[in-house]
Amino acid sequence: MRDAASRAGESGFDSGASPAAIGRASTTPRLMLWTLLIVYTLNFLDRQIVNILAEPIKRDLQLSDTALGLLAGPAFAVFYAVLGIPIARYADRASTNRVALISVSLALWSAMTALCGVAQNFVQLLLARIGVGVGEAGCTPAAHSLITDSVPPEKRSSAIAFFGLGVPIGSLFGLIIGGIVNDLYGWRAALFLVGAPGLLLALIVPMIIREPRRTDGPVRDAAQNGPKKVELRVGEAFREVFSSRAYLYIFIAASFTAFLSYGKGLWTISFFIRSHGLSTTQAGLAMAVALGIAGVIGTLLGGKMADKFGRDNKRHLLTFPAVGMAIAAPILFAGYWVDDWRIAVALLIVPTILNSAYYGPAYACVQGLVRPEARAMAASMVVFGQNLIGLGMGPLLFGMLSDALIPVAGQDSVRWVLFGAAWLGIIPAFFFWRASLRLKAELKSG
C-alpha cells in the first residue's frame, strides 16, 4: 500500500512538509481542498441565494429597492467583516484548531439561513441575515491559512483558486435552486432547503480534516520544519500586513472588485426580470450560465495562469487579472445595452471569466506578502474590505441609485446603474497592475 507521502504528492498539491509530518497526518492536501471547497460552496450558496429571491421577497414583505439592498448587503457584510478580524487573530494562534472553528461557523450560518425562511417582516429577516454574517465570518481566513500551510508557494495560486471555486459554484447552485424552488414552493422553502445540508456537513468536517498543528505534534522538528513560530501581537500583525505597498494595492483592488461584483450580482438578476421580463427560474438559469459556469472557468484559469507565468517573474502573478478586467469593461457594457436577453447573457460570459480570474492570484499574493504568523490576519483584512466595502455598500448603493433613477428611467433604472458599473471595472484593473510592479521586491519565499 502506498504511504501518505506518495498520495499527497500525487494530489497535485504537495504540502512541502517533512515526510515524518506527512506520515502522521491523516488528511492529504487533495482531500482537504475538496472538503473545504464543499464548505465554501455552501458559504456562498447561503450568502447569495437572496439575490435570486430578491424580487419575491420584495413583493411578499413590501420592501423598497433600498431595503432590499440593505438586506443583501450591510445586514450581512458589517458583522461578517468586523468579526472576521478577531476571529482571524484567533485562527493565527498556534493552539487554535482551525478545522473546529470552520465547523462551528458552518453550523451557525446554516441554521441562520434556515431561520431566514420563517421571517415575517423586514426586522426579523434583517436579524437572521445578520446571523448568517456572524457565522460565515469564521470560514475564509481560517481556510486560507490551512491551505497555505499545506501547499508550497509555487502551487499556492492554483490551490487557493480551487478553494475559490466555491464562489461561482455556490452562486450557480443558489441561482438554480433558488429560482426553481421559489417558483414551485416559494422563497421560504428555498431558504430551508439550502440551510439544511450545512448542519450535517458541520458534523462531518472534523472527521475528514485534521488540524496540521495537532497532527504535526506540539513542537516542530527545527531541523526539518524550521524554528517554532512566535505569535504576533495585534499591533504587530497590523504593521506586518500594511507595511507592504503591494498588499495595500491588492486590498484596494479586491475591495472595489467585490463592490462591483456584489452590486451587479444582485441587480443584474433584477435587471433580467424587470427589463427583459424573465421569471425567477429563467433569470436563475440564465445567470447560472453567465455567473456560475463562467466564474468557475475564470477562477481556475486565473490560478493556473498565475502559477505558470508567475513562476519565473513574480510580476505576472497579477498580470492576467489586471489586463482581463480592463478588457471586460466594454463587453459588459454591451451586455447591459442589448435588448435581446439571450445576446445579453452571451455577452456577460467573457467578462465574468475575466473578472473572476483575480481570486487565486490575489489571495496567494496576500499569503506570500506576510510571515506565517500573520497569514489569517492578512486574508481577513482583504475579506474585511471585500465585504464591508463590497457586499456592504455595493447592493445598497446600487439599490439607492436605482430608486433615484426611477422617475427618469422607470423600469430600466437598474439598467442605467449597471451601465456605470461596467466601466468602473477599470479601477481595480489599475490597482492590480500597480500591485504587480511591487511583487518581485516584496513577496517572501515561504
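Scroll up a little and you will see the structure.
Residues numbered from 1 in each chain as written. Predicted model: local features only at pLDDT ≥ 70, side-chain atom pairs only at ≥ 80, totals over all residues. Heavy atoms only, no water.

Engineer: It is not clear to me how the packing of helix α18 (residues 319-337) against helix α19 (residues 341-356) should be interpreted in this structure. Could you clarify?
Structural biologist: Relative placement of two packed helices is described by the angle separating their axes and the distance separating the axes. One can describe the packing of α18 onto α19 by two numbers: an axis separation of 7 Å at closest approach and a directional angle of 165°. Relative to α19, α18 is oriented roughly antiparallel. For the pair α18 and α19, the sense of crossing is left-handed. Contact residues: Phe320, Gly324, Met325, Ile327, Ala328, Ile331, Leu332, Ala334, Gly335 and Tyr336 in α18; Ala344, Leu347, Leu348, Val350, Pro351, Leu354 and Asn355 in α19. (Axes fitted to C-alpha atoms, helices over the stretch in contact; angles between N-to-C directions. Helix = DSSP H or I, 4+ residues; strand = E, 2+ residues; numbered from the N terminus. Parallel < 35°, antiparallel > 145°, perpendicular 65-115°, else oblique. Left-handed = near helix turned anticlockwise from the far one by under 90°. Contact = heavy atoms within 4.5 Å.)

Engineer: Looking at this structure, I do not really get unusual backbone geometry. What am I missing?
Structural biologist: Excluding glycine, most residues fall at negative phi; most peptide bonds, likewise, are trans. Even without being a glycine, Gln62 presents a positive backbone phi close to 55°. Structurally, the position occupied by Gln62 is in the loop between α4 (54-61) and α5 (65-72).

Engineer: Quick question: what am I supposed to make of the environment of Ala111 here?
Structural biologist: Relative to the helices and strands, Ala111 is located in helix α7 (residues 98-116). On the basis of relative accessibility, which here comes to 29%, the residue Ala111 falls in the partly exposed class. Along the chain, Ala111 and Ala196 lie 85 residues apart, while their C-alpha atoms are 7.3 Å from each other. (Buried < 20%, exposed > 50% of the residue type's maximum accessible area, 1.4 Å probe, protein only.)

Engineer: Just to check I follow, could you spell out helix α12 (residues 187-208) for this structure?
Structural biologist: Each full turn of the α-helix corresponds to 3.6 residues, which orients residues three or four apart in the same direction. Over its 22 residues, α12 runs 33 Å from end to end, which matches the ideal 32 Å to within 8%, given 1.5 Å per residue. Among the residues of α12, Trp187, Ala190, Leu191, Val194, Gly195, Gly198, Leu201, Ala202 and Val205 are the ones counted as buried. Check the buried side of α12 and you find it contacts α3 (29-52), α4, α7 and α11 (166-185). (Expected span 1.5 Å × (residues − 1).)

Engineer: Is there a simple way to explain the environment of Pro29 in this structure?
Structural biologist: By the element assignment, Pro29 lies in helix α3. What makes Pro29 buried here is its relative accessible area of 6%. Counting along the chain gives 120 residues from Pro29 to Asp149, while the straight-line C-alpha distance between them is 9.9 Å.

Engineer: What should I look at first to understand α4 in this one?
Structural biologist: Turning to α4, its buried residues number three or more, namely Ala54, Glu55, Pro56, Ile57 and Leu61. In the stretch just after α4, Gln62 is the one whose phi turns positive, near 55°.

None of this, on its own, says anything about what the molecule does.
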